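Notes for the structure review
These are the residues of each chain, in order.
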Amino acid sequence: MTEPEAPAQPIARCDWCGDDPLYVDYHDAEWGVPVTSDAALFERLSLEAMQAGLSWITVLRKRERMRERFYDFDTERLARAGERQINSWLKDQGLIRHRGKLEALINNARRARALPQGLADLLWGVVDHQPRINEWPARQAVPSVTDEAVNLSKLLKQAGFKFVGPTMCYALMQSAGLVNDHLLGCHRHPGQQAAQQP
């Protein structure tokens, strides 16, 4: 007679993602994974700007519609957008309908295209082009702002970007993997991943 199998241990995750499948997938597959292309970084920057004052799950639920309406966050096409597109976007319930954020989206696309070194080089330069691997024991220990985020905010503002305060910049750094803020006990923390290697 075979022994019954022990129940599988639940996967340890950062507690902020809860159990919403969309949030869990974002946590497991994207958050903290280094993003290095200008196009993907512009999308992350835009999503973080859209999030201001809202929950992140709201942004995730509207992300696919934003990709559809915002030309897949193509900076060349967004840079040419104007009042006609903004008025159309403001009527679309699938989007975050905030005129200031929509105007910032167009502005930021133009500013990104004007960067002499490209967006990736500017963003990754604040961490010397190496992801920071942090070792936080609990969510309460994770900062909402760091000196590097303050510096990034200043650089982006100097380049003419909008909705790029230090808190938003640190969230962008976390999202795009400039820093890895998965908690020590999370299965996505590099230390946990290394321990699971055969």
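Scroll up for the structure.
This is a predicted model, so every value here is computed, not measured. Throughout, residues of each chain are indexed from 1 in the direction in which the sequence is written. Owing to the predicted nature of the model, reporting of local features is limited to residues with pLDDT of at least 70; listing and counting of side-chain atom pairs is limited to 80 or more, with chain, interface and lining totals taken over all residues. Hydrogen atoms and water are omitted, and side-chain values are computed over all heavy atoms in the structure.

**Re the overall build of the protein chain**
Keep this limit in mind: Segments assigned H or I by DSSP are reported as helices when at least four residues long, segments assigned E as strands when at least two residues long, and all are numbered from the N terminus. Burial here depends on accessible area, computed with a 1.4 Å probe over protein chains only, as a share of the maximum for the residue type. Under 20% is buried, over 50% is exposed, and the range in between is partly exposed. Should any heavy atoms of two residues lie within 4.5 Å, those residues are considered in contact. Throughout, the Shrake-Rupley method with a 1.4 Å probe supplies accessible areas, and for residues the shown protein chains are the sole cover considered. Residues scored as positive are Lys and Arg, those scored as negative are Asp and Glu, and His as well as the terminal groups of each chain are ignored. A single reference atom marks each charge: NZ on Lys, CZ on Arg, CG on Asp, CD on Glu.
Along the protein chain, the regular secondary structure elements total 10 helices and two strands. Helices (α) and strands (β) of the protein chain occur, in sequence order from the N terminus, as α-α-α-α-α-α-α-β-α-α-β-α. By principal-axis analysis of the C-alpha atoms, the protein chain measures approximately 70 × 40 × 30 Å. Burial status across the protein chain gives 42% buried among its 198 residues. In the protein chain, of all internal contacts separated by at least 6 residues, the share reaching a separation of at least 24 is 66%. For the protein chain, the exposed area adds up to about 10600 Å²; of that, 50% sits on carbon and sulfur atoms. Within the protein chain, the 25 negative side-chain charges are centred at a point lying 11 Å from the centre of the 24 positive side-chain charges.

**Quick notes on unusual backbone geometry**
With phi around 60°, Phe73 is a residue other than glycine that occupies positive phi space. Here Phe73 lies in the loop between α3 (56–69) and α4 (75–79). Its relative accessible area of 2% is what places Phe73 among the buried residues. You will see that Phe163, though not glycine, has its phi angle at about 60°, which is positive. Turning to its location among the elements, Phe163 is positioned in the loop between α8 (147–158) and α9 (166–175). You can call Phe163 partly exposed: its relative accessible area is 32%.

**Some thoughts on the layout of surface pockets**
Definition in use: Grid points spaced at 1 Å and placed over the protein atoms alone form the basis of the search, with a cavity being a set where a 1.4 Å probe fits but cannot get out and a pocket an open set showing protein on both sides within 12 Å along at least five of seven lines. Lining residues have an atom within 4 Å of a point. Grid points are joined across faces, edges and corners, and a volume is the space filled by probe spheres set on the points. By the convention adopted, Pro, Cys, Tyr, Trp, Phe, Met, Ile, Leu, Val and Ala count as nonpolar, Lys, Arg, Asp and Glu as charged, and the other residues, Gly among them, as polar.
Approximately 550 Å³ is the volume attributed to the largest pocket. If you go around the largest pocket, you meet 22 residues; those closest to its centre are Trp16, Trp31, Trp56, Ala171 and Gln174. Elements represented by at least two residues in the lining of the largest pocket include exactly α1 (21–29), α2 (38–51) and α9. The element best represented in the lining of the largest pocket is α9, accounting for five residues. The residue inventory of the lining of the largest pocket, partitioned by class, reads 15 nonpolar, four polar and three charged.

**Some remarks on α3**
Where we set the bar: Residue count minus one, scaled by 1.5 Å, sets the expected span of a helix. Fitting axes to the seven residues ending at a residue and to the seven starting there, one defines the bend at that residue as the angle between these axes.
With 14 residues, α3 extends 19 Å from end C-alpha to end C-alpha; this agrees with the ideal 20 Å at 1.5 Å per step. Maximum bend of α3: about 50°, positioned at Arg63. Looking only at α3, the buried set comprises Trp56, Ile57, Val59, Leu60, Arg63 and Met66. Close packing links the buried residues of α3 with α1 and α2. Of the residues one or two after α3, Tyr71 is the one with positive phi, at around 55°.

**Here's the deal with the packing of aromatic side chains**
To keep things clear, this is the line we draw: Centres within 6.5 Å are what make two rings of Phe, Tyr or Trp a pair, Trp counting through its six-membered ring; a difference in plane orientation under 30 degrees is then read as stacked, over 60 as edge-to-face, and the rest as tilted.
This structure, assessed with the given rule, holds six aromatic pairs. Geometrically, the ring pair formed by Phe70 and Trp89 is edge-to-face, given 4.8 Å between the ring centres and 75° between the ring planes. Here Phe70 is found in the loop between α3 and α4, whereas its partner Trp89 is found in helix α5 (residues 83–90), with 19 residues between them in sequence. Judged by its relative accessible area of 0%, Phe70 falls in the buried class. The buried category is assigned to Trp89, whose relative accessible area is 1%. Taken together through their ring pairs, the aromatic side chains of Trp16, Tyr23, Tyr26, Trp31 and Trp56 make up a single cluster.

Treat this as a map of the structure, not an account of what it does.
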